[in-house]
Amino acid sequence: MELYKLLYPMRIVLITVRKGKYENVMAAAWCFPLSFDPPLFGVSISPKRHTFSLLQGAKSFAINLTAPGMDDAVLVCGRNSGKDTDKFAKSGLTKEEAKKIDCPLIKESPLSIECELVDTIKAGDHSVFVGKAVNVIKRKEAKGLYQSQGGEWITV
Ligand SMILES: Cc1cc2nc3c(=O)[nH]c(=O)nc-3n(C[C@H](O)[C@H](O)[C@H](O)COP(=O)(O)O)c2cc1C
């Protein structure tokens with residue numbers, strides 16, 4: 001059995017990042033709070049991801065929560081690479097400029113957390129990118145979209 005699935009279901013988020021003229025969005029289920037004060041969040045990303053490359057030397061990233069109805073967009077962002085695909089265009093997601101960091105946010109997301117990238121911790125075959133929340137944008141109340149043990153999605 002794949003042991004990581006013991007902790008599922010896990011909430012699916014969309015990680016957005018900008019580096020110079022390059023912007024990207026990827027789906028992530030391995031995203032979690034790390035600290036109360038300062039308010040830190042971690043997202044564990046494989047070096048195979050284009051997002052990983054963009055985060056090298058980047059100053060910030062954003063965590064955008066997903067909600068029911070965003071399933072198709074999540075699949076686009078989780079099955080295509082920003083290396084060769086404009087996932088914003090392909091998914092139909094709308095970019096919204098962050099207020100306190102240099103990064104696009106996802107307008108359809110019920111809540112976005114703007115983070116300054118403060119640390120990167122190698123963790124086996126992934127790296128945890130540690131973000132300090134510097135601004136939260138809440139757009140609406142919504143249920144969450146979660147990835148279940150079997151890979152299918154549930155809402156809670
Ligand atoms: C629901 C879901 C959750 C995912 N969670 C993660 C994750 O936490 N970490 C990770 O490295 N990749 C995760 N992935 C895989 C990436 O989203 C996928 O490889 C994506 O195509 C990477 O895009 P990029 O190359 O543009 O960065 C997930 C995919 C899906 C569909």
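In the block above lies the structure referred to throughout.
In this report, the structure presented in the accompanying data block is examined.

What counts as what
Residues numbered from 1 in each chain as written. Predicted model: local features only at pLDDT ≥ 70, side-chain atom pairs only at ≥ 80, totals over all residues. Core = buried A, V, L, I, M, F, W, Y, C linked by C-beta atoms within 7 Å. Buried ≥ 20, exposed ≤ 12 C-beta atoms within 10 Å, placed from the backbone. Helix = DSSP H or I, 4+ residues; strand = E, 2+ residues; numbered from the N terminus. Contact = placed C-beta atoms within 7 Å. Pairing = 2+ DSSP bridges. Axes fitted to C-alpha atoms, helices over the stretch in contact; angles between N-to-C directions. Near = placed C-beta within 6 Å.

## Observations concerning the nonpolar core
Across soluble globular proteins, you tend to see nonpolar side chains buried next to one another.
Next up, step 1: By size, the foremost hydrophobic cluster in this structure holds 37 residues, and its most contacted members are Ile-15, Ala-28, Phe-61, Ala-62 and Ile-63.
Next up, step 2: Only β2 (13–19), β3 (22–28), β5 (40–45), α1 (50–55), β6 (60–65), α2 (71–79), β8 (104–106) and β9 (111–123) provide two or more residues apiece to this core.
Next up, step 3: Apart from the residues lying within four places of it in its own chain, the contact partners of Ile-15 are Val-25, Met-26, Ala-28, Val-43, Thr-51, Phe-61 and Ile-63.

## Quick notes on the sheet that holds β9
Next up, step 1: Strand order in this open sheet of 7 strands is β3-β2-β6-β9-β10-β5-β4, and the pairing throughout is antiparallel. If you trace the sheet from one side to the other, it starts and ends with β3 and β4 (31–35), each paired once. Averaged over all adjacent pairs, the angle separating strand axes in this sheet is 35°, with direction ignored.
Next up, step 2: In this sheet, strand β10 (residues 126–138) lies alongside β5 in antiparallel orientation, the contact comprising 6 bridges.

## Structural notes on the environment of Lys-87
Next up, step 1: Topologically, Lys-87 is positioned in helix α3 (residues 87–91).
Next up, step 2: Using a count of 23 C-beta atoms within 10 Å as the deciding quantity, one classes Lys-87 as buried.
Next up, step 3: Residues Lys-87 and Gly-20, 67 residues apart in the sequence, show an inter-C-alpha distance of 17 Å.
Next up, step 4: Apart from the residues lying within four places of it in its own chain, the contact partners of Lys-87 are Asn-24, Val-25, Val-76, Cys-77, Asn-80 and Gly-82.

## Structural notes on the pairing of β2
Next up, step 1: With 6 of 7 residues buried, β2 lies mostly within the body of the structure.
Next up, step 2: The pairing of β2 with β3 spans 7 bridges and is classified as antiparallel. Looking across to β3, one finds that Arg-18 is bridged to Glu-23.
Next up, step 3: Taking the residues that link successive antiparallel strands as the turn, the β2-β3 hairpin has 2 residues, and the phi of Gly-20 there is positive, at about 60°.
Next up, step 4: Across 4 bridges, β2 lies against β6 in antiparallel orientation. Paired with Thr-16 across the bridge in β6 is Ala-62.

## A closer look at the site of the ligand
Next up, step 1: Taken together, the neighbourhood of the ligand is formed by 21 residues, with Trp-30, Thr-51, Gly-78, Ser-81 and Gly-82 sitting nearest.
Next up, step 2: Within the residue set of the shell around the ligand, elements represented by two or more residues are β3, β5, α1 and α2.
Next up, step 3: In terms of residue count, the dominant contributor to the shell around the ligand is β3 (4 residues).

## Considerations on unusual backbone geometry
Next up, step 1: Here the residue pair Tyr-8 and Pro-9 is connected by a cis peptide bond, since its omega of 10° sits within 30 degrees of zero.
Next up, step 2: With respect to the secondary-structure elements, Pro-9 resides in the segment before β1 (10–11).
Next up, step 3: The linkage connecting Asp-37 with the following residue, Pro-38, adopts the cis geometry, with an omega of 5°.
Next up, step 4: If you trace the backbone, Pro-38 turns up in the loop between β4 and β5.

## Topic: the sheet that holds strand β12 (residues 153–155)
Hydrogen bonds between backbone atoms are what pair the strands of a sheet, whose relative direction is either parallel or antiparallel.
Next up, step 1: Overall, antiparallel pairing links the 3 strands, which are arranged β1-β11-β12 in an open sheet. Every interior strand has two partners, whereas the edge strands, β1 and β12, have only one.
Next up, step 2: Both β1 and strand β11 (residues 145–147) contribute to a ladder of 2 bridges, which runs antiparallel. Within the sheet, the bridge partner assigned to Met-10 lies in β11 and is Gln-147.

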